[in-house]
Amino acid sequence: MLMKYEKLDEAAIAQRLLALPQWSLAPGGKAINRRFIFADFAEAFAFMTRSALVAERLDHHPEWSNVYRCVDVTLTTHSAEGLTDLDFNLASAMDRAAAGRD
Ligand SMILES: C[C@H](O)[C@H](O)[C@H]1CNC2=NC(N)=NC(=O)C2=N1
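Residues numbered from 1 in each chain as written. Predicted model: local features only at pLDDT ≥ 70, side-chain atom pairs only at ≥ 80, totals over all residues.

An unreviewed UniProt entry annotates the protein chain as Putative pterin-4-alpha-carbinolamine dehydratase of Ciceribacter selenitireducens ATCC BAA-1503. Per UniProt, the comment on the protein chain under Catalytic activity (unreviewed entry) is "(4aS,6R)-4a-hydroxy-L-erythro-5,6,7,8-tetrahydrobiopterin = (6R)-L-erythro-6,7-dihydrobiopterin + H2O". (UniProt positions renumbered as here; feature names shortened; annotations may be inferred.)

Quick look at the structure:
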């Protein structure tokens, strides 16, 4: 089956991470993580709402948790069992969704 988004190799992942300095590669190299910290719970939840709309548009969804003003995000492509451009596209969009608020 032709896959639109192919699993990225180590070099491609390293290259994409250069543009996303606040994201880290998870141990094992199959996911990226970022912690977003906002002024308060309302800002954190507003960010999650904006991100949820982007995730639906991309049909690509974060693994995340929220405690008070902190949102921990993990991105991976389950169908590829690793990282694809979808993860980096969603990471960029989440950075934009948080810009000026985190
Ligand atoms: C059917 C639907 O397109 C798939 O389940 C999508 C939905 N969102 C997804 N999100 C993520 N992060 N990985 C996936 O493989 C994935 N698959």
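Text resumes after the structure shown.
Now for helix H3 (residues 85–98). Look at H3: 20 Å from first C-alpha to last across 14 residues, which is about the 20 Å you get at 1.5 Å a residue. Those residues of H3 that fall on the buried side of the exposure criterion are Asp87, Phe88, Leu90, Ala91, Met94, Ala97 and Ala98. At its buried positions, H3 is contacted by helix H1 (10–18), strand E2 (32–37), helix H2 (41–58) and strand E4 (70–75). Positive phi shows up at glycine 100, right after H3, with a value of about 80°. (Helix = DSSP H or I, 4+ residues; strand = E, 2+ residues; numbered from the N terminus. Expected span 1.5 Å × (residues − 1). Buried ≥ 20, exposed ≤ 12 C-beta atoms within 10 Å, placed from the backbone. Contact = placed C-beta atoms within 7 Å.)

The interhelical angle for the contact between H2 and H3, taken along N-to-C directions, is 150°, at an axis separation of 9 Å. Classified by the angle between their axes, H2 and H3 sit roughly antiparallel to one another. H2 and H3 meet at a crossing whose hand is right-handed. In this structure, H2 uses Phe47, Arg50, Ser51, Val54, Ala55 and Leu58 to contact H3, whose residues at the interface are Leu86, Asn89, Leu90, Ala93, Met94, Ala97 and Ala98. Here the residues of the contact of H2 with H3 sort into 10 nonpolar, 2 polar and 1 charged. (Axes fitted to C-alpha atoms, helices over the stretch in contact; angles between N-to-C directions. Parallel < 35°, antiparallel > 145°, perpendicular 65-115°, else oblique. Left-handed = near helix turned anticlockwise from the far one by under 90°. Nonpolar A, V, L, I, M, F, W, Y, C, P; charged D, E, K, R; others polar.)

In this section: the environment of threonine 76. Within the secondary structure, threonine 76 is located in the loop between E4 and H3. With 16 residues separating them along the chain, threonine 76 and histidine 60 place their C-alpha atoms 9.1 Å apart. Here threonine 76 is in contact with Lys30, Ala31, Leu83 and Asp87, once residues within four sequence places are set aside.

Right, let's get into the site of the ligand. Within the structure, the ligand sits among Asp59, His60, His61, Thr76, Thr77, His78 and Ser79. Of the residues assigned to the shell around the ligand, the class counts are no nonpolar, 6 polar and 1 charged. (Near = placed C-beta within 6 Å.)

Formed by 17 residues in total, the largest nonpolar core has its most connected members in Phe36, Phe47, Ala91 and Met94. Only E2, H2, E4 and H3 provide two or more residues apiece to this core. When sequence neighbours within four positions are dropped, the list of residues in contact with alanine 91 reads Leu20, Trp23, Ile32 and Leu75. (Core = buried A, V, L, I, M, F, W, Y, C linked by C-beta atoms within 7 Å.)

The topology assignment puts glutamate 81 in the loop between E4 and H3. Sequence-wise, glutamate 81 and glycine 100 are 19 residues apart; in three dimensions their C-alpha atoms are separated by 33 Å. Beyond its immediate chain neighbours, meaning those up to four positions away, glutamate 81 contacts Lys7 and Lys30.

Take the pairing of strand E3 (residues 63–67) next. Here is the key point about a regular strand: its side chains alternate between the two faces of the sheet. Counting buried positions along E3 yields 0 of 5 residues, so the element is predominantly exposed. For E3 and E4, the ladder comprises 5 bridges, and the chain directions are antiparallel. Directly across from serine 65, in E4, lies its bridge partner aspartate 72. (Pairing = 2+ DSSP bridges.)

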